[in-house]
Amino acid sequence: MLHIAIIGSGPAGYYTAEAAQKQWGDNVRVDIFDMLPVPYGLIRFGVAPDHQSIKGVVRRYEQTALSENVRFVGNVKVGQDVSVDELLTLYDAVVLATGAPRDRQLGIPGDHLGNVHGSAAFVGWYNGHPEFTALDPDLSGHTAVVIGMGNVALDVARILAKTGDEFAGSDIVKHALDRLMASNIRRIIILGRRGPHQIMMTPKELGELGHLSRATPWVDPRDLPDQADDALLEPGIRKSVTQLRSFAAISESRRAELPLEIEFDFFASPRALLGTGKVEALEVERTRIEAGRAIGTGESYLIQASLIVSCIGYQTTPIAGVPFDERAGRFANDEGRILTGLYCVGWARRGPSGTIGTNRPDGFGVVEMIAEDITSASSKQGGRGFDALAGARKLNVVTFQDWKKIEVAEASRARDGAPREKFVDVAEMIHARD
Ligand SMILES: Cc1cc2nc3c(=O)[nH]c(=O)nc-3n(C[C@H](O)[C@H](O)[C@H](O)COP(=O)(O)OP(=O)(O)OC[C@H]3O[C@@H](n4cnc5c(N)ncnc54)[C@H](O)[C@@H]3O)c2cc1C
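Residues numbered from 1 in each chain as written. Predicted model: local features only at pLDDT ≥ 70, side-chain atom pairs only at ≥ 80, totals over all residues. Heavy atoms only, no water.

Quick look at the environment of leucine 342
And then number 1: Mapping leucine 342 onto the fold places it in strand S19 (residues 342-344).
And then number 2: For leucine 342, a relative accessible area of 2% puts it in the buried group.
And then number 3: Discounting chain neighbours no more than four positions away, the residues touching leucine 342 are Val84, Leu88, Val94, Leu96, Val322, Gly336 and Arg337. (Helix = DSSP H or I, 4+ residues; strand = E, 2+ residues; numbered from the N terminus. Buried < 20%, exposed > 50% of the residue type's maximum accessible area, 1.4 Å probe, protein only. Contact = heavy atoms within 4.5 Å.)

Structure, rendered in structure tokens:
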């Protein structure tokens, strides 16, 4: 029997468990740990609440979760409740699938001013992550700046722009919906250092901005490169740029009809945040692109703004005793191997890139590696040993069956048309299980 501990119940964790089942069938036992009492990582806390169809992928993870040889061990934080070294004595292989939950810092003067938020915190707030429930963003001002040119920036801008009706069928949490419905924000600027040809946004997500009931997107036509140059782009990005061109063609009268505008500010590098206590303005330097890189031109300007959300990437949280690559912001690893017996997958291995599906080959790859490294059966205790340790430490472990009770309780208190009203703190989640 092979005993595997997977740390993290997001996509990478579940794809790894699925791969282990395919590889070893009944000869493997898998424990999937999560620090929260609820599974699925960023599917629950990252993917936008108005993108429910994407969240449907959890049905696949549930099949894995409900099989005999896989357990969910929720409400256990590895590195705090139990160490990686302890797990290594109990399991034949330990796989870190802990994602990249920390925001990369803007690293400019003023980035610690009030109402300057990273996207992990801001997205966590509207998605009900217990760590960010109390974020309390101030939406009483007129202008918000969203820094970044990827899909997360689009999610944040869209959520800030939607009406209550447009959240029908979503699982946005009540505290966020209430605050958004009272928002005074009328101008949302999506700002990035590089130009339209360098965006990381996908066409579908960009297209959604063109169908909002009270907001119009706007691109300054002067920022668009020669159309002939679009032919050189990779097809997905080319479609996205076509979408940007359509935003540039929206007439001024159409823009004037709707109360809210989402403006793209390209070739704009954030230099400093200004304000007393809370942010009041962003100082920006114009850039130009040389060999694909944004170079400052020395020309700068101020944007008066009372909310800043930076969507510029994420980092993995280090765990005591595990080699960490500070520069890359993830565990130091060679194709997923940290050392024999200890592995990483998903965002904890590669950093924050790719879609949910990108984590699947990661999981299968790391299982192949474990199969190469561990060729003989061991006498490790696996889950039985962990249960003894959890009992001795009085850990309040949440099982998958417990999660199903939490899930039912969340569904039963959902507002009309919504799939669930999430519990937003750990005590509430555990109470719903009891
Ligand atoms: C805002 C946002 C929106 C996104 N939207 C989409 C989308 O629409 N479509 C798409 O394809 N992709 C989307 N993605 C990307 C997708 O969510 C990721 O590719 C995927 O979630 C990464 O999976 P993961 O398992 O590596 O990490 P995660 O999903 O982050 O899972 C990590 C898990 O580890 C747990 N954990 C962390 N530390 C510990 C610890 N010490 N002990 C125990 N447990 C721990 C966490 O609680 C979490 O459950 C989005 C990402 C973000 C940030």
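Okay, back to it.
A few points about helix H1 (residues 11-24)
And then number 1: With 14 residues, H1 should cover 20 Å at 1.5 Å per step; its first-to-last C-alpha distance of 20 Å lies within 8% of that length.
And then number 2: For H1, the buried fraction is high: 12 of the 14 residues fall into the buried class.
And then number 3: Where H1 is concerned, the buried positions are Pro11, Ala12, Gly13, Tyr14, Tyr15, Thr16, Ala17, Glu18, Ala19, Ala20, Gln21 and Trp24.
And then number 4: Two residues or fewer after H1 comes glycine 25, characterised by a positive phi angle close to 55°. (Expected span 1.5 Å × (residues − 1).)

Topic: the packing of H1 against helix H4 (residues 58-65)
And then number 1: Close contact between H1 and H4 brings their axes to 10 Å; oriented N to C, the two are set at 45°. Comparing their axes, H4 and H1 come out oblique. By crossing handedness, the relation of H1 to H4 is classed as left-handed. Facing H1, whose interface residues are Pro11, Tyr14, Tyr15, Ala17, Glu18 and Gln21, H4 presents Arg60, Tyr61, Thr64 and Ala65. (Axes fitted to C-alpha atoms, helices over the stretch in contact; angles between N-to-C directions. Parallel < 35°, antiparallel > 145°, perpendicular 65-115°, else oblique. Left-handed = near helix turned anticlockwise from the far one by under 90°.)

Here we look at the site of the ligand
And then number 1: The ligand sits among 29 residues. The nearest are Ala12, Asp34, Leu42, Trp347 and Ile356.
And then number 2: The backbone of proline 11 places a nitrogen or oxygen atom 3.4 Å from an oxygen atom of the ligand.
And then number 3: Separating an oxygen atom of the ligand from a backbone N or O atom of leucine 42 is a distance of 2.9 Å.
And then number 4: For the ligand, whose accessible area on its own is 1,000 Å², the fraction buried by protein is 89%.
And then number 5: At the level of secondary structure, the elements contributing two or more residues to the shell around the ligand comprise H1 and helix H7 (151-161).
And then number 6: Of the residues that constitute the shell around the ligand, the class distribution is 15 nonpolar, 11 polar and 3 charged. (Near = heavy atom within 4 Å. Polar contact = N/O pair within 3.5 Å; in protein donor to acceptor, adjacent residues only side chain to side chain. Areas by Shrake-Rupley, 256 points an atom, 1.4 Å probe, with all protein chains shown as cover. Nonpolar A, V, L, I, M, F, W, Y, C, P; charged D, E, K, R; others polar.)

Some words on the nonpolar core
And then number 1: Counting residues in hydrophobic clusters, the biggest one holds 46 residues, and the most contacted among them are Leu160, Ile190 and Phe264.
And then number 2: If we ignore the near neighbours within four places in the chain, the residues touching leucine 160 are Phe122, Leu139, Ala144, Val146, Leu180, Ile185, Ile188, Arg214 and Leu307.
And then number 3: If you look at the next biggest cluster of nonpolar residues, it comprises 43 residues, including Phe72, Tyr343, Ile370 and Trp403. (Core = buried A, V, L, I, M, F, W, Y, C linked by side-chain atoms within 4.5 Å.)

Re the sheet that holds strand S13 (residues 293-304)
One key point about sheets: their strands pair by backbone hydrogen bonds, in either a parallel or an antiparallel sense.
And then number 1: Taken in spatial order, the 3 strands of this open sheet run S11-S12-S13, and their pairing is antiparallel. With one partner strand each, in any of the chains shown, strand S11 (268-274) and S13 form the two edges of the open sheet. This sheet shows a mean twist of 20° between the axes of neighbouring strands, independent of strand direction.
And then number 2: The sheet contact formed by strand S12 (residues 281-290) and S13 spans 9 bridges and is antiparallel. Its bridge partner lying in S13, alanine 281 is registered against glutamine 304. (Pairing = 2+ DSSP bridges.)

What to know about the packing of aromatic side chains
And then number 1: All told, the structure shown has 14 aromatic pairs when counted by the stated rule.
And then number 2: A centroid spacing of 6.3 Å and a plane angle of 85° characterise the contact between phenylalanine 72 and phenylalanine 400, whose relative ring orientation is edge-to-face. Taken together, the positions of phenylalanine 72 in strand S3 (residues 70-74) and phenylalanine 400 in helix H15 (residues 400-412) put the pair 328 residues apart, joining distant regions of the chain. Summarising the burial analysis for this pair, phenylalanine 72 and phenylalanine 400 share the class buried.
And then number 3: Relative to tyrosine 126, the ring of phenylalanine 122 lies with its centre 5.9 Å away and its plane at 85°, an arrangement referred to as edge-to-face. (Phe/Tyr/Trp six-rings, centres within 6.5 Å; stacked < 30°, edge-to-face > 60°.)

Re the sheet that holds strand S6 (residues 116-118)
And then number 1: If you walk across this open sheet you meet the 6 strands as S6-S14-S7-S8-S10-S9, and the pairing is parallel. Two strands bound the open sheet, and with one partner strand each, they are S6 and strand S9 (215-219). Neighbour-to-neighbour, the strand axes of this sheet turn through a mean angle of 20°, independent of strand direction.
And then number 2: Sitting on the sheet, helix H6 (residues 119-126) touches S6 and strand S14 (307-310), and the angle it makes with S6 is about 85°.
And then number 3: Contacting S9 and strand S10 (260-265), helix H10 (residues 235-248) runs over the sheet at an angle of about 105° to S9.

Some thoughts on the pattern of salt bridges
And then number 1: Under the definition given, this model contains 32 salt bridges.
And then number 2: When the shortest N-O distance is used, the salt bridge between lysine 22 and glutamate 18 registers 3.4 Å. Taken together, the residues span about one helical turn, with lysine 22 and glutamate 18 both in helix H1 at a distance of 4 residues.
And then number 3: One salt bridge in this structure joins arginine 393 and glutamate 86, with 2.4 Å as the shortest N-O distance. Highlighted residues: arginine 393 in helix H14 (residues 383-393) and glutamate 86 in helix H5 (residues 84-90), separated in sequence by 307 residues.
And then number 4: According to the relative accessible area criterion, arginine 393 is partly exposed, its value standing at 38%.
And then number 5: Connected through shared salt-bridge partners, Asp50, Asp155, Arg158, Lys162 and Glu208 make up one network. (Salt bridge = Lys/Arg side-chain N within 4 Å of Asp/Glu carboxyl O.)

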